[in-house]
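# Architecture and fold: a report
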Amino acid sequence: MSKYLLNKFLFTVDRDPELVERYREDPRGTVEWWESTRANLVLNCHGGEASTWLRFDDAEREALAAHDYVRLFEMGAHPFLTLTLFIAMFERDYEPLGFQKEYARKLAHMSLPYPDIAT
Amino acid sequence: MAELVAVIASTHHPFYYRASTATGEDRPPFADEWVRKVEAFRETLTRARPDVLVMVGSDHFHQLWLDNMPQFLVGKAPYYDANWYNEEREFGLPRMLFTGQEDLSSHVLREGLDAGFDLAFSNELRIDHSITCPIITLRPQNDLPIVPVYTNIFAPPLPRPKRFVELGRTIRQLVESWPSDQRVAVIGTGHLSLELGGPRQFGPHGPDPEFDAKAVEWIAGGDIEGCLAEVTLDSLHAPGNATHGFMDFMLMMGVAGEGQKADYVDTYDLFHTMEAYFTWYPRGGRS
């Protein structure tokens, strides 16, 4: 399991306006494209110096492809990254703060200690 | 030597800019009182007449990332661009440009390394809302050179609370040993109890009002010892999953000094989180 790679996906998509829209509209396709072309890029290095070993496991890939932020929380993805990206994608569909409150409600079953987010 | 003329600790609420500039139906009901409180807080910096600002904050996964994560980092650059696309998107924050005080950055880095802090540095740093928010609230004319200091309160493993306090003490010594006649204010921002991306987020107030009350008491009374006795990396999970940002307040308590009561204290209970504003005048407001 790679919390790091989940976070890397959330981080690199969140900072790119086009990718935010692409992930909103086509989550499964975006995750597949990202894993095959972006997951191993060392940020700030050209493609010839990419890593060779990073991949999602099936559950991680499915959680991202399903926009399943509850599962991402349970897996220990960084909650700030998940929240920020999902607000960017879905806040627009709700009344003010409506999405954030629903997000909290969907996590209501979680109690302390929360899943470890250390990478 | 340089003079430390003010020590300021504050929350950095990214929604202040939008709330304070909104008009008509878009203006939230809590905005007017919030602006009043912020303007009163601003006056505590203005009256100290600073020439330079040391700005302590924490990058929120903007420039600093898990492939290369420093624990404490000092900017040393002639300029700093500021605010990021996702902060414009979510908070409506404007793009900003700061001037750097490179001489003080060099001094902090050299002397900080010699004092036992292996500080990372950056010669091209785009800073985020942890530093731009307090400029917007405390110095909106943005006319003073800065030295940004970033701490890791975000990506575990984190330094322990005591290390934040020690860095604060060291920053004070470094400012006061800077061979300059400049007047320096140190401004740091963090959080009280806060939950982001968890079940307790965006409630009618901060996730743990009891912790907030205790935290305000520690900070206002300069009770570093009491605070360190209760606050650990583990304990900070309980008030809210983003409460490790409180360690930046502990850093500022270190700058202000053990037992130093704040000269100015104000709070504002908002949805989601409590705002808290503190100012110390190391020379009792003289000079």
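Attention in this report is confined to the structure presented alongside it.

Parameters at a glance
- Residues numbered from 1 in each chain as written.
- Chains lettered and ligands numbered in written order.
- Predicted model: local features only at pLDDT ≥ 70, side-chain atom pairs only at ≥ 80, totals over all residues.
- Heavy atoms only, no water.
- Helix = DSSP H or I, 4+ residues; strand = E, 2+ residues; numbered from the N terminus.
- Rg over C-alpha atoms; globule rule 2.2 N^0.38 Å.
- Buried < 20%, exposed > 50% of the residue type's maximum accessible area, 1.4 Å probe, protein only.
- Contact = heavy atoms within 4.5 Å.
- Areas by Shrake-Rupley, 256 points an atom, 1.4 Å probe, with all protein chains shown as cover.
- Pairing = 2+ DSSP bridges.
- Axes fitted to C-alpha atoms, helices over the stretch in contact; angles between N-to-C directions.
- Buried area = accessible area lost by both parts, 1.4 Å probe.
- Salt bridge = Lys/Arg side-chain N within 4 Å of Asp/Glu carboxyl O.
- Polar contact = N/O pair within 3.5 Å; in protein donor to acceptor, adjacent residues only side chain to side chain.
- Nonpolar A, V, L, I, M, F, W, Y, C, P; charged D, E, K, R; others polar.
- Core = buried A, V, L, I, M, F, W, Y, C linked by side-chain atoms within 4.5 Å.

### Some remarks on the overall build of chain A
- Looking only at helices and strands, chain A has seven helices and zero strands in total.
- Across chain A, helices and strands are ordered from the amino to the carboxyl terminus as α-α-α-α-α-α-α.
- Taking 119 residues into account, the globule formula puts the C-alpha radius of gyration at 14 Å, and chain A, at 14 Å, falls close to it.
- Taken along the three principal axes of its C-alpha coordinates, chain A extends 45 × 30 × 25 Å.
- Across the 119 residues that make up chain A, the buried fraction comes to 50%.
- The long-range fraction of contacts in chain A, counting pairs at least 24 apart against all pairs at least 6 apart in sequence, stands at 65%.
- Roughly 5800 Å² of accessible area belongs to chain A as shown, and the carbon and sulfur atoms make up 51% of that amount.

### A look at the sheet that holds strand S7 (residues 146-151) of chain B
Residues and elements named next belong to chain B.
- Spatially, the eight strands line up as an open sheet ordered S6-S3-S7-S2-S8-S1-S10-S9, and their pairing is mixed. At either margin of the open sheet sits one strand with a lone partner, and together these are strand S6 (120-122) and strand S9 (264-269). Averaged over all adjacent pairs, the angle separating strand axes in this sheet is 15°, with direction ignored.
- Relative to strand S10 (residues 274-280), strand S1 (residues 3-11) runs antiparallel, the two sharing four bridges. In the sheet register, Ile 8 faces S10, and the bridge partner there is Thr 279.
- Running at roughly 160° to S9, helix H2 (residues 31-46) makes contact with S1, strand S2 (52-57), strand S8 (183-190), S9 and S10 of the sheet.
- Contacting S2, strand S3 (72-75), S6, S7 and S8, helix H4 (residues 102-114) runs over the sheet at an angle of about 150° to S3.

### Looking at the interface of chain B and chain A
- Taken residue by residue, the interface counts 26 residues in chain B and 32 residues in chain A.
- Interface area lost by chain B to chain A is led by B:Trp65, B:Pro199 and B:Phe202, which between them contribute 24%.
- The salt bridge partner of A:Asp14 is B:Arg89, with a shortest N-O separation of 2.5 Å.
- Our enumeration of links across chain B and chain A arrives at seven residue pairs in polar contact (both at pLDDT 80 or more).
- Classifying every residue of the side of chain B that touches chain A gives twelve nonpolar, nine polar and five charged.

### Points about the nonpolar core
- Core analysis: the largest hydrophobic core is formed by 138 residues, its most contacted members being A:Phe86, B:Phe246 and B:Phe278.
- Ignoring anything within four residues of it in the chain, the contact list for B:Phe246 reads B:His191, B:Leu192, B:Phe211, B:Ala215, B:Trp218, B:Ile219, B:Cys227, B:Val231 and B:Leu236.

### Concerning helix H5 (residues 129-138) of chain B
- The buried fraction of H5(B) is high, at ten of ten residues.
- Listed as buried for H5(B) are B:His129, B:Ser130, B:Ile131, B:Thr132, B:Cys133, B:Pro134, B:Ile135, B:Ile136, B:Thr137 and B:Leu138.

### Some points on the packing of helix H1 (residues 3-14) of chain A against helix H2 (residues 17-25) of chain A
Residue and element names in this part refer to chain A.
- Contact geometry of H1 with H2 gives a least axis separation of 7 Å together with a crossing angle of 120°. Along the contact surface, H1 presents Phe 9, Thr 12, Val 13 and Asp 14, while H2 presents Leu 19, Val 20 and Tyr 23.
- Here the residues of the contact of H1 with H2 sort into five nonpolar, one polar and one charged.

### Quick notes on the pattern of salt bridges
- Taken as a whole and assessed by the stated rule, the structure comprises 22 salt bridges over all chains.
- A salt bridge links B:Asp266 to B:Lys37; the nearest nitrogen and oxygen atoms lie 2.9 Å apart. Of this pair, B:Asp266 sits in strand S9 while B:Lys37 sits in helix H2, and the two are 229 residues apart along the sequence.
- For B:Lys37, a relative accessible area of 10% translates into the label buried.
- Among the charged side chains, a salt-bridge network with shared partners connects A:Arg24, A:Glu25 and A:Asp93.

### Description of the side chain of B:Asn241
- Following the sequence through the fold, B:Asn241 ends up in the loop between helix H8 (224-230) and helix H9 (246-256).
- We classify B:Asn241 as buried; its relative accessible area is 17%.
- Not counting residues within four places of it along the chain, the set of residues in contact with B:Asn241 comprises A:Phe73, A:Pro79, A:Tyr114, B:Leu194, B:Glu195, B:Leu196, B:Gly197, B:Gly198 and B:Arg200.

### Remarks on unusual backbone geometry
- For the bond running from A:Leu112 to A:Pro113, omega is -5°, close enough to zero to count as cis.
- Note that A:Pro113 resides in the segment after helix H7 (98-106).
- The peptide bond linking B:Pro156 to B:Pro157 adopts the cis configuration, its omega dihedral lying at 10°.
- For B:Phe61, which is not a glycine, the phi torsion comes out positive at approximately 50°.
- Assignment of secondary structure puts B:Phe61 in the loop between S2 and S3.

Function cannot be inferred from these measures alone, as they are strictly geometric.
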